[in-house]
Amino acid sequence: FFMEPAYQNVALECLTEIGSTVAPDYHPQLFVMFASVVNHALKAFLQPNHEPPLRQIYHQSAQSAQDFIKGLSLFFTGFFKRHLDLVESDHGLAVTAMTYLVNISEVDDDEIFKICLEFWSLFADELYHKEIEFQSHPSPLLMSGGVPAAGVSPRLALYRDSKILSNVRRIMIDRMPKPEEVLVVVEDTGEVVRQHLPDVESVALHKTMRETLVFLTHLDFRDTEQIMIEKLNYQVGPNWNKQGLSTLCWAIGSISGAMKEDEEKHFLVTVIKELLGLCEITRGKDNKAVIASNIMYVVGQYPRFLKAHWKFLKTVIKKLFEFMHELHPGVQDMACETFLKISQRCRFKFVRAQQGEHEPFLQELLRELPTTISDLESHHIYMFYEAVGYMVGAEQDAAAREQLLQHLFLLPNENWKFIIAAARQNEEILKQQEHMREIAKMLTTNVRVASSLGHPYMSQLGIIYEEMLQVYRLYSELISATVAAQGEMVTKSSTIRAMRAVKRETLKLVETVVDKTEDVPRIVAHIVPPLMDPVLGDYQRNLPDTRDPEVLSLFAAIVNKTQGAITEAIPRIFESVFECTLMMITKNFQDFPEHRINFFKLLQAINHHCFRAFFVIPQSHFKLVIDSIVWAFKHSERNIAETGLTILLDLLRNVEQSGEVANQFYSTFFLSLIHDIFTVLTDTMHKTGFKLQAQILMMCMHRVEGGAITVPLYDAAATPGIANNQQFMRQHMLQLLTSAFPNVGQAQVQAFVLGMFDLQKDVQAFKVHLRDFLVQLKEFSGSDNSDLYLEEAELARAAASEAEKARLSAVPGLLPVAQRAEDLMGGP
């Protein structure tokens, strides 16, 4: 039937199904079948090196013929995955069959290519590791003179000499997809910023192709280099086209680290020289922009080379500065992003005088900074300053680093002083939108430098801190006065939004400094006190729509950094933000999402680090704390619910160590918390919280059974016959669950309750016991209960992630540049 056109596709499907099965007992028959298809049936109408090529035939063919070619891709890849060793027992058959698959891989059809790529990826991986094994333990026979080609295994020689691997390399290079997608968006403040919105399918395809090409490069780096240089020479001539050059450069960038350092040097010098030469001779802004972008992408992928070759690094940086004056869309983005990458990975090179230089390059950079950034937009300038922040941070001498920092901020600080001086003469200056935007830009610049420089930035904050908080207070008062006079709708106006942008950047700057600093006493003594009224007082006084969620985030960061040192300030923080925020976020589950998340982050930080502060706040406030925790873990949004459960678990641990206060807590809240935890445990909407719910219940059962709760949880007069908490809790929970689930038999409920107390020391057994009860409930039957096993699934994912990282790290070049520790550290 295979030779009959009417039945050809159906017959091929049957053969594919047979060839994809694992059947050791039928290996001889499978080999005969495969050889028959390849050597006789297929050659009757399609030669392996047919002219015109298969990719051309495909597009000229009818749908049935195209389906047949797709079927062939499935047939070959399916058989190779299961029985490649059988095929390789006949070298001629293996080469012929592989040649067919190479030709099919060249067809311009995404689905067919992905089918072929899956096999080539597995094949290259397996061939590489088998070759490593062979090189470690070569065959004695081959060592005595039977090596078919210098130093490689017979199997590798087979595919190398037949040009199979070389052709696959060409396919990977010709079809390498774009590494990332870039989207330019406009924020509420009017700023244009770059955001990465990855195309998931394209990212996955790029990952597979990159890894395949890395393995193929290891197997023969000279061939990979020769193909790339050959294609680059073709592009340098009159035949160049934008897409062809871009695809080639993406392929060149993808093999970073796959060559030895001296091999990489020779290759990369050739590539960059050719690209720079092409940029010089090419006319047209669009064309130059494409070439410039590709140059920047390639150099950004090879930090090891740049760190080892200062003159080349300096040339690249100078070229990037030229590109920063190019106004073609996308070029400045690429120039600044590449500059940032290089600054992170090569930072130490810029603060040391290199051979033949009379000063560190950073000195020259800072002198020319105003000119360099003169054509950049705001979001580019932020990136530039962040990059220089990494360089300044690489200076080990504190005095020299301080001088560099002052030099870096000459321009922003001059603008800051000018606006503040003008505002002292006439406060109306600060009410002008252009000055609001200018202040917001200066603060954002400070935020970016603080994030990259870290603790040494503190001295720059000292220069602007007092005046910055004065501006914050002024804008807070203006916003409140304007809203009081014109109503809440005015909060949407451009003026109010511009003032709030200044406030947000102020809060972000302080939070960044707190997060990065190592000087906790200075935070407590000098950073926090000035914040109290301008920030906390403003938050409390403002209307809900004008309260900034960043206030909550800032104080959560302060508590996390200073820990117990800030305990005395907690009552003031509670007074200012607690009740007013709760009123905002508990009306429903949708409004003020950022406030909700940040509020519970703050509560979590206080509970973890400053638990003693709960003893000095009014009892009514502590009741609100418990109520808010309960409200959180009953929330429909997973991250809020899990934060609430985490806070409660931490709270219970803290209570256990609090002496007499513990009994007061247990007598007031223990039974209601048990009820609330059972409510979410048996609610199908909260399955994802099972792990924490189980831990909390187990802890409670353990406290009861171990006698840690010494105060009676029951009213002796109302419960005659009850002698202790252990007896009472068994009866109480039996009644609770029986009334909640009348369809469950009392014997079953009783067994469940007793089991919880019996298993309260074995966490795994306790969770299994809970799951077994839940899946028997009517509410859980017939539904997807996989979230009850979320902990195990997450552990499996974490283990798989670690295994994948180990796999990538084991092969030079396989781990992406952005994830390589030696590059991220930016060492010499």
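Everything numeric here is computed off the predicted structure, so don't read it as measured data.

## Some words on the overall build of the protein chain
Part 1 of the argument: Assigned secondary structure in the protein chain consists of 39 helices and two strands.
Part 2 of the argument: Along the three orthogonal principal directions, the C-alpha set of the protein chain runs to about 95 × 80 × 55 Å.
Part 3 of the argument: Burial status across the protein chain gives 52% buried among its 828 residues.
Part 4 of the argument: Total accessible area on the protein chain stands at roughly 37,600 Å², and carbon and sulfur atoms take up 54% of it.
Part 5 of the argument: Of note, the protein chain has its 78 positive side-chain charges centred 3 Å away from the centre of its 101 negative side-chain charges.

## Comments concerning the confidence of the model for the protein chain
Part 1 of the argument: Counting all residues, the mean pLDDT for the protein chain is 88, and 93% of those residues have values of 70 or more.
Part 2 of the argument: Here residues 181-188 is modelled with pLDDT under 50, and outside its nearest four sequence neighbours on either side it reaches 22 contacts, counting other chains as well.
Part 3 of the argument: Note that pLDDT drops below 50 for residues 190-195; the model gives that stretch 25 contacts with residues more than four away or on any other chain.

## Quick notes on the packing of aromatic side chains
Part 1 of the argument: According to the stated counting rule, one finds 40 aromatic pairs in the structure shown.
Part 2 of the argument: Where Phe34 meets Phe79, the ring centres are 4.3 Å apart and the plane angle is 15°; that geometry is what we call stacked. Placement of Phe34 in helix H2 (residues 27-41) and of Phe79 in helix H4 (residues 63-88) is noted, with a sequence separation of 45 residues between them. With respect to class, Phe34 is no different from Phe79; both count as buried.
Part 3 of the argument: With a centroid separation of 6.4 Å and an interplanar angle of 80°, the aromatic rings of Phe741 and Phe773 are classed as edge-to-face. In this pair, Phe741 sits in the loop between helix H35 (725-740) and helix H36 (746-758) while Phe773 sits in helix H37 (residues 763-774), placing the two residues 32 residues apart along the sequence. For the pair Phe741 and Phe773, one class covers both residues: buried.
Part 4 of the argument: Across from the ring centre of Tyr472, 5.2 Å away, lies the NZ or CZ of Lys503, which sits over that ring.
Part 5 of the argument: Sitting over the face of the ring of Tyr539, Arg547 holds its NZ or CZ atom 5.7 Å from the ring centroid.

## Things to note about the packing of helix H25 (residues 494-516) against helix H28 (residues 550-562)
Part 1 of the argument: Interhelical geometry of H25 versus H28 gives an angle of 15° and a closest axis separation of 9 Å. Here H25 lies roughly parallel to H28, going by the angle between them. Between H25 and H28 lies a crossing whose hand is left-handed. Of the residues in H28, those in contact with Arg504, Leu507, Val510, Glu511, Val514 and Asp515 of H25 are Glu550, Val551, Ser553, Leu554, Ala557, Ile558 and Lys561.
Part 2 of the argument: Of the residues that constitute the contact of H25 with H28, the class distribution is seven nonpolar, one polar and five charged.

## Thoughts on the packing of H36 against H37
Part 1 of the argument: The geometry of H36 relative to H37 is characterised by a closest axis approach of 10 Å and an angle of 165° between their N-to-C directions. Relative to H37, the element H36 lies roughly antiparallel. As H36 packs across H37, the resulting crossing turns out to be left-handed. Contact residues: Ala751, Phe752, Gly755 and Met756 in H36; Phe766, His769, Leu770 and Phe773 in H37.
Part 2 of the argument: In terms of residue class, the contact of H36 with H37 is built from six nonpolar, two polar and no charged.

## Some thoughts on H36
Part 1 of the argument: Compared with the 18 Å implied by 1.5 Å per residue over 13 residues, the 18 Å span of H36 between its first and last C-alpha is a close match.
Part 2 of the argument: For H36, the complete set of buried residues consists of Val749, Phe752, Val753, Gly755, Met756 and Phe757.
Part 3 of the argument: Against helix H33 (660-681), helix H34 (690-705), H35 and H37 lie the buried residues of H36.

## Points about the side chain of His380
Part 1 of the argument: Note that His380 resides in helix H20 (residues 378-393).
Part 2 of the argument: For His380, the residues in contact, after removing those within four places along its chain, are Gln332, Asp333 and Cys336.

## A few points about a nonpolar patch on the surface
Part 1 of the argument: A contiguous nonpolar surface patch, about 230 Å² in accessible area, is contributed by Phe615, Val616 and Val661.
Part 2 of the argument: When its relative accessible area of 57% is taken as the criterion, Val616 is described as exposed.

## Focus: the nonpolar core
Part 1 of the argument: By size, the foremost hydrophobic cluster in this structure holds 274 residues, and its most contacted members are Phe76, Trp120 and Phe339.
Part 2 of the argument: Element by element, the count of residues in this core is highest for helix H24 (residues 458-486), at 13 residues.
Part 3 of the argument: Leaving out residues up to four positions away in the same chain, Phe76 has contacts with Phe34, Val38, Leu42, Ala97, Tyr100, Leu101 and Ile104.

## Quick word on the side chain of Ser121
Part 1 of the argument: Relative to the assigned elements, Ser121 resides in helix H6 (residues 110-136).
Part 2 of the argument: Ignoring any residue separated from it by four or fewer positions in sequence, one finds Ser121 in contact with Thr208 and Thr212.

## Remarks on helix H16 (residues 310-323)
Residues lying three or four places apart along an α-helix face the same way, a consequence of the helix completing one turn every 3.6 residues.
Part 1 of the argument: Taking 1.5 Å per residue as the helical rise, H16 with its 14 residues ought to reach 20 Å, and the 20 Å between its terminal C-alpha atoms agrees with that figure.
Part 2 of the argument: Most of H16 is tucked away: 10 of the 14 residues are buried.
Part 3 of the argument: Burial in H16 covers these residues: Trp310, Phe312, Leu313, Lys314, Val316, Ile317, Lys319, Leu320, Phe321 and Phe323.

## What to know about the environment of Ala308
Part 1 of the argument: Mapping Ala308 onto the fold places it in helix H15 (residues 303-308).
Part 2 of the argument: Measuring from C-alpha to C-alpha, the distance between Ala308 and Lys265 comes to 9.2 Å, with 43 residues separating the pair along the chain.

## Re the environment of Ile420
Part 1 of the argument: Turning to its location among the elements, Ile420 is positioned in helix H22 (residues 410-425).
Part 2 of the argument: C-alpha separation for the pair Ile420 and Ile439, spaced 19 residues apart in sequence, amounts to 9.8 Å.
Part 3 of the argument: Discounting chain neighbours no more than four positions away, the residues touching Ile420 are Glu467 and Val471.

## Section: unusual backbone geometry
Part 1 of the argument: Its identity as a non-glycine residue notwithstanding, Gln563 has a phi of 55°, on the positive side.
Part 2 of the argument: Assessed through its relative accessible area of 40%, Gln563 is described here as partly exposed.

## Some words on the pattern of salt bridges
Part 1 of the argument: Under the definition given, this model contains 40 salt bridges.
Part 2 of the argument: A salt bridge links Asp161 to Arg160, with the shortest nitrogen-to-oxygen separation between them at 3.3 Å.
Part 3 of the argument: Overall, the relative accessible area of 27% leaves Arg160 in the partly exposed class.
Part 4 of the argument: Glu364 is the partner of Lys318 in a salt bridge, and the nearest nitrogen-oxygen pair spans 2.4 Å. Of this pair, Lys318 sits in helix H16 while Glu364 sits in helix H18 (residues 361-367); the two residues are 46 residues apart in sequence, bridging distant segments of the chain.
Part 5 of the argument: Exposure remark for Lys318: the relative accessible area of 29% places this residue in the partly exposed category.
Part 6 of the argument: Look at the salt bridges and you will find they share partners, linking Asp125, Lys207, Glu211, Glu804 and Arg807 into a network.

## With respect to the environment of Leu651
Part 1 of the argument: Looking at where Leu651 falls in the secondary structure, it is placed in helix H32 (residues 638-656).
Part 2 of the argument: What makes Leu651 buried here is its relative accessible area of 0%.
Part 3 of the argument: For Leu651 and Ala398, which are 253 residues apart along the polypeptide, the C-alpha to C-alpha distance reads 42 Å.
Part 4 of the argument: Setting aside residues no more than four positions away along its own chain, Leu651 makes contact with Asn607, Phe611, Phe614, Ile626, Ile629 and Phe665.

## Here's the deal with the state of the cysteines
Part 1 of the argument: Evaluated as defined, the whole model comprises zero disulfides.
Part 2 of the argument: Cys249 takes part in no disulfide bond, and the closest cysteine sulfur to it belongs to Cys279, at a distance of 11 Å.
Part 3 of the argument: For Cys249, a relative accessible area of 0% translates into the label buried.
Part 4 of the argument: Cys610 takes part in no disulfide bond, and the closest cysteine sulfur, belonging to Cys580, lies 19 Å away.

Rules of the game
Residues numbered from 1 in each chain as written. Predicted model: local features only at pLDDT ≥ 70, side-chain atom pairs only at ≥ 80, totals over all residues. Heavy atoms only, no water. Helix = DSSP H or I, 4+ residues; strand = E, 2+ residues; numbered from the N terminus. Buried < 20%, exposed > 50% of the residue type's maximum accessible area, 1.4 Å probe, protein only. Areas by Shrake-Rupley, 256 points an atom, 1.4 Å probe, with all protein chains shown as cover. Lys, Arg positive; Asp, Glu negative; His and termini not counted. Charge placed at Lys NZ, Arg CZ, Asp CG, Glu CD. pLDDT = per-residue confidence, 0-100. Contact = heavy atoms within 4.5 Å. Phe/Tyr/Trp six-rings, centres within 6.5 Å; stacked < 30°, edge-to-face > 60°. Lys NZ or Arg CZ within 6 Å of the ring centre and 35° of its normal. Axes fitted to C-alpha atoms, helices over the stretch in contact; angles between N-to-C directions. Parallel < 35°, antiparallel > 145°, perpendicular 65-115°, else oblique. Left-handed = near helix turned anticlockwise from the far one by under 90°. Nonpolar A, V, L, I, M, F, W, Y, C, P; charged D, E, K, R; others polar. Expected span 1.5 Å × (residues − 1). Patch = residues over 30% accessible without salt bridge, like charges linked within 9 Å, V, L, I, M, F, W, Y side chains within 5 Å. Salt bridge = Lys/Arg side-chain N within 4 Å of Asp/Glu carboxyl O. Core = buried A, V, L, I, M, F, W, Y, C linked by side-chain atoms within 4.5 Å. Disulfide = S-S within 2.5 Å.

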